[in-house]
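Topology and contacts: notes
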Amino acid sequence: MPADVLTALPRIPGIPKPDPILVADGVHRHFGGLVAVDIDHLEIQRGTITGLIGPNGAGKTTLFNLLTGFDTPDAGAWSFSGKNLAGMSAYRVARLGMVRTFQLTKALMRLSVIDNMKLGATGQTGERALGALTPWRWQQQEKEIEARAEALLERFTLGRMRDDLAGTLSGGQRKLLELARALMVEPTLIMLDEPTAGVAPALTESLLVHIKTLRDEGLSVVFIEHDMDVIMDISDWIVVMAEGKVIAEGRPADIAANPMVIDAYLGRWHGEAATPEVEQAIVEHPPGEGER
Amino acid sequence: MDLVRSLVDAIRSALGTSAVMFALAGVGLNVMFGYTGLLNFGHVGSLLVGGYGVAITVNLGGPLWLGVLVGIAAAVVLGLIYGLPTLRLREDYLAIVTIAAAEILRLLTRSSALEPITRGVFGIQKFANAFYSLNPFPLGSYGIWRITWSANTLWAILVGWVVVGLSVLLVWALTRAPWGRVLKAIREDEDAARSLGKNVFGYKLQSLAIGGAIGSLAGIFFAVQTQSVNPDSFQPLFTFLAYAVVILGGPGRVLGPVVGSVLFWFLLSFTEAILRQATLAGFIPSWLLTAQEVAAVRWVLVGLGLILLMAFRPQGLFGSREETLIDAR
């Protein structure tokens, strides 16, 4: 299992991986005076599930946006499967096989579920204006795409909703649809931004099984998550961000025990008796203020 | 008062030259607004370059068919000019830029600086004789029952509706294909489309170019039918009436703008004819409404009708109620 090679790695932030699919170097993004992302070095191991965690405002989603071409960093270089992505637009990044989902689910509401799925397919001749006018060139292709979409819908238990408008699905079903739709692009790396946010517990369970299955089939997965149980359950490796930086990396067990991570989440005064001195210190250095 | 006469007027108008022009403009606008979600408020600019493309080309000694091609090409270029600087920005910028660009175009064509080419406020006349020389109908009046047109108008209307049919066919072929699916996806959420590997910018440009080209046909039809172009025929109001036509029929439906246009002109003429006769016959007291005010009042009624439509049938005539309800969530 590819994740096993990670066990031997030292737990140092930015540690190189044996077989990285995604490498970021000096990626920096600031909004006015606020430094949103400031990564020295980060590598993601191929064929594993990497959890990206950190308190609100740590820069996780911004990092996703930067890596997938939805935002442009002020400085830095990053590559996917050895291809330099700097300056590449989002749609070309997706075509290379690095596909992301969104924190606020982007189901295409007034399109049917099956149309949502078929949209994910790449290389459809009928998507070009001139190609569209020569139906004999795309209709066969469309049948193949439809078959693939239907198989994925079955797998994600959305088969019954095939012809419903995506806007009529529940929040959890939309998350499933978004994941299934991303798979239509045939990615090698899938970036999930809070895949379980707002999803009912039962559906969360099946979502996680799906994500693990994808990993076992050879896909690399990076996901942002706030639910610690989920993180600890499915991650092979965890990257912790705070204030735009990677502050820790390691196997789930290491992260759970890492005092810096606990500080980042709870503030540095957690666990201390609330003496007047400590209260004063908290007022002067509220949680989340950058020292580490 | 003569109800039959009002009805005849209304039907003539619903099938007549204005309905053709608005149907063409609506079909073009529908590609941009209905399918792609692009708020082009300068659609009348495509009509202007289309009409002037024909008029200027013929005026300079070119054949009419070349003028038509020049008009269409100019509208495609205009679509690209609208899109290139604005499509990467937030969508409302397109609305602002296009409404200004169309006004700039109108003011340029009526400026004295361009008078040698555009003849400024005087406009250009009598450039479509080649079209009417092809008219197969001998002089006279043609029609069914009391709904009749002169030979030349009938010829223009027939050709006009054929062009409407062809452009509807083109939009149908494009939008039933995966190409149309991408446009709708962009309308729903362009970031989602981008994340699935679609070149959103490229599709928006195509949508503006194709929608503009179909819109230019409306301008060309208008120019050829009236044998005249004048800058002030291309006021911003036209764009908004074209929106009314598209929304009335149901945006994002292939036949929506055509039915919208026919119905729009039917209602507009019918209310005018009824009101005019009612005021003349004294059914409406003159302190309330005089015959001279009827033309203005019918526009008030159109506005009222649109408000009611938005309130009670926001999906238009052809749209799906289910889709509209989702949109409101």
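What you see as residue numbers is a count from 1 along each chain, following the sequence as written. Throughout, the order in which chains and ligands are written sets their labels, letters from A for the former and numbers from 1 for the latter. Restriction of local features to residues with pLDDT of at least 70 applies here, the model being predicted, together with a cutoff of 80 or more for giving and counting side-chain atom pairs; totals for whole chains, interfaces and linings are based on all residues.

**Brief notes about the overall build of chain B**
As a reminder of what qualifies: Helix and strand definitions follow DSSP, with helices as H or I runs of at least four residues and strands as E runs of at least two, each counted in order from the N terminus. Our radius of gyration is a C-alpha quantity, and the globule rule it is checked against amounts to 2.2 Å times the number of residues to the power 0.38. Here a residue counts as buried when 20 or more other C-beta atoms fall within 10 Å of its C-beta, as exposed when 12 or fewer do, and as partly exposed in between; the C-beta atoms come from the backbone.
Looking only at helices and strands, chain B has 15 helices and 4 strands in total. Taken against the 2.2 N^0.38 rule, which gives 20 Å for 329 residues, the C-alpha radius of gyration of chain B at 21 Å falls within 12% of a compact globule. Across its three principal directions, the C-alpha atoms of chain B cover 65 × 55 × 35 Å. Counting every position in chain B, which comprises 329 residues, the buried fraction comes to 50%.

**Digging into the overall build of chain A**
Condition: For the purpose of contact definition, each residue receives a C-beta atom placed from its backbone, and two residues are in contact when these atoms lie within 7 Å.
The helix and strand inventory of chain A stands at 12 helices and 10 strands. Taken against the 2.2 N^0.38 rule, which gives 19 Å for 292 residues, the C-alpha radius of gyration of chain A at 21 Å falls within 12% of a compact globule. With the C-alpha coordinates aligned to their principal axes, the bounding extent of chain A is approximately 75 × 40 × 40 Å. Within chain A, the fraction of its 292 residues that count as buried is 44%. Long-range contacts, defined here as pairs at least 24 residues apart, represent 69% of the contacts in chain A between residues at least 6 apart.

**Some thoughts on the pairing of strand β9 (residues 237-242) of chain A**
Residue and element names in this part refer to chain A. This is how it is decided: Should DSSP find at least two bridges between two strands, the strands are taken to pair.
Extensive coverage of β9 is indicated by the burial of 6 of its 6 residues. Of the two faces of β9, the one holding Trp-237, Val-239 and Met-241 and the one holding Ile-238, Val-240 and Ala-242 are both buried throughout. With 4 bridges joining them, strand β3 (residues 49-53) and β9 adopt parallel strand pairing. Bridging from a neighbouring strand, Thr-50 pairs with Trp-237 of β9. Direction of pairing for β9 relative to strand β10 (residues 245-250): antiparallel, over a ladder of 5 bridges. Bridge pairing in β10 links Ala-242 to Lys-245. Linkage of β9 to β10, two consecutive antiparallel strands, is achieved through a turn of 2 residues, within which Glu-243 is found at a positive phi near 50°.

**Here we look at the pairing of strand β3 (residues 147-150) of chain B**
Residues and elements named next belong to chain B. Relative to β3, strand β2 (residues 141-144) is paired through 4 bridges, and the arrangement is antiparallel. Within the sheet, the bridge partner assigned to Tyr-142 lies in β3 and is Trp-149. With antiparallel pairing between neighbouring strands as the criterion, β2 and β3 make up a hairpin whose turn holds 2 residues, including Trp-145 at a positive phi of roughly 55°.

**Things to note about unusual backbone geometry**
Here Ser-81 of chain A, not a glycine, exhibits a phi torsion of approximately 50°, which is positive. Positionally, Ser-81 of chain A belongs in the loop between β4 (75-80) and β5 (83-84).

**Let's talk about the packing of helix α2 (residues 17-35) of chain B against helix α13 (residues 256-280) of chain B**
All names here are of chain B. As a reminder of what qualifies: Axis angles are defined between N-to-C directions and span 0 to 180 degrees, where every axis is a line fitted to C-alpha atoms and, for a helix, only to the segment in contact. Orientation labels follow simple angle bins: below 35 degrees gives roughly parallel, above 145 gives roughly antiparallel, 65 to 115 gives roughly perpendicular, and whatever is left gives oblique. Take the far helix as the reference: if the near one is turned anticlockwise from it by less than a right angle, the crossing is left-handed, and if turned clockwise, right-handed. Residue type decides the class: Asp, Glu, Lys and Arg count as charged, Ala, Val, Leu, Ile, Met, Phe, Trp, Tyr, Cys and Pro as nonpolar, and the leftover types, Gly among them, as polar.
Following both chains from N to C, one finds α2 and α13 inclined at 140°, their axes separated by 8 Å at the closest point. With respect to α13, the axis of α2 lies oblique. α13 is crossed by α2, and the crossing has right-handed handedness. On the side of α2, the interface is formed by Ser-18, Ala-19, Phe-22, Ala-23, Gly-26, Val-27, Leu-29, Asn-30 and Gly-34, while α13 contributes Gly-256, Pro-257, Val-258, Gly-260, Ser-261, Val-262, Phe-264 and Trp-265. Within the contact of α2 with α13, the residues separate by chemical class into 10 nonpolar, 7 polar and no charged.

**Quick look at the sheet that holds strand β2 (residues 34-45) of chain A**
All names here are of chain A. Taken in spatial order, the 4 strands make up an open sheet running β2-β1-β4-β5, and their pairing is antiparallel. With partners counted over all chains shown, the strands left at the sheet margins are β2 and β5, one partner each. Strand direction decides the pairing type here: β4 and β5, joined by 2 bridges, are antiparallel. Across the sheet, residue Phe-80 finds its bridge partner in β5, namely Lys-83.

**What to know about the nonpolar core**
Rules: We define a nonpolar core as a collection of buried residues of the types Ala, Val, Leu, Ile, Met, Phe, Trp, Tyr and Cys that are connected via C-beta atoms lying within 7 Å of each other. These domain boundaries are the output of an automatic or database domain assignment.
Membership of the largest hydrophobic core comes to 169 residues, with the highest contact counts inside it found for Ala-180 and Val-240 of chain A together with Phe-22, Leu-24, Ala-55, Phe-221 and Ala-242 of chain B. Per-element accounting of this core gives the leading share, 14 residues, to helix α11 (residues 200-226) of chain B. Inspection of this core shows a minimum of three residues originating in each of domain 1 (1-107 + 186-257) and domain 2 (111-168) of chain A. Apart from residues no more than four positions distant in its own chain, Phe-22 of chain B is found in contact with Leu-241, Ala-242, Val-245, Ser-261 and Phe-264 of chain B.

**Focus: the sheet that holds β10 of chain A**
All names here are of chain A. Strand order in the open sheet made by the 6 strands is β6-β7-β8-β3-β9-β10, with mixed pairing throughout. The strands lining the two open edges of the sheet, one partner per strand, are β6 (98-100) and β10. Geometrically, the sheet is characterised by an average inter-axis angle of 20° between neighbouring strands, direction not taken into account.

**Description of the interface of chain B and chain A**
Taken together, the contact between chain B and chain A spans 26 residues of the former and 32 residues of the latter. Elements represented by at least two residues in the side of chain B that touches chain A include exactly α8 (151-176), α9 (178-188), α10 (190-195), α11 and α15 (321-328) of chain B. It is α9 of chain B that contributes the most residues to the side of chain B that touches chain A, 7 residues altogether. Of the residues assigned to the side of chain B that touches chain A, the class counts are 11 nonpolar, 4 polar and 11 charged.

**Considering the confidence of the model for chain B**
Residues and elements named next belong to chain B. We apply this condition: Residue-level confidence of the predictor is what pLDDT reports, using numbers from 0 through 100.
Per-chain confidence: chain B averages 88 in pLDDT, with 98% of residues scoring 70 or above. For chain B, the element scoring lowest by mean pLDDT is α15, at 64; α2 scores highest, at 95. Predicted complex metrics record ipTM = 0.84 and pTM = 0.87.

**Focus: helix α3 (residues 43-59) of chain B**
Residues and elements named next belong to chain B. Where we set the bar: Helix span, as expected, comes to 1.5 Å for every residue beyond the first.
Taking 1.5 Å per residue, 17 residues should reach 24 Å; α3 reaches 25 Å between its end C-alpha atoms and fits that length. Judged by how many residues are buried, α3 sits mostly within the fold: 16 of 17 residues are covered. Residue Gly-61 follows α3 closely and has a positive phi angle near 105°.

**With respect to the packing of α13 of chain B against helix α14 (residues 294-312) of chain B**
Residues and elements named next belong to chain B. Their axes nearest at 9 Å, the elements α13 and α14 cross at an angle of 135°. The angle between α13 and α14 places the two elements in the oblique class. Handedness of the crossing formed by α13 with α14: right-handed. Along the contact surface, α13 presents Leu-267, Leu-268, Thr-271, Glu-272, Leu-275, Arg-276 and Thr-279, while α14 presents Val-294, Ala-295, Val-297, Arg-298, Leu-301, Val-302 and Gly-305.

**Things to note about helix α4 (residues 64-86) of chain B**
All names here are of chain B. Its 23 residues place the ends of α4 34 Å apart at the C-alpha level, agreeing with the 33 Å of an ideal helix rising 1.5 Å per residue. Residues Gly-67, Val-68, Val-70, Gly-71, Ile-72, Ala-74, Ala-75, Leu-78, Gly-79, Tyr-82, Gly-83 and Thr-86 constitute the buried set of α4. Those residues of α4 that are buried are in contact with α3, α5 (91-109) and α11.

**Notes on the environment of Glu-144 of chain A**
Within the element layout of this structure, Glu-144 of chain A appears in helix α6 (residues 135-155). C-alpha separation for the pair Glu-144 of chain A and Gln-45 of chain A, spaced 99 residues apart in sequence, amounts to 32 Å.

**Focus on the confidence of the model for chain A**
When pLDDT is averaged across chain A, the result is 86; 91% of the residues are at 70 or more. At the level of individual helices and strands, chain A shows its lowest average pLDDT in helix α12 (residues 276-284) of chain A, which scores 68, and its highest in β6 of chain A, which scores 94.

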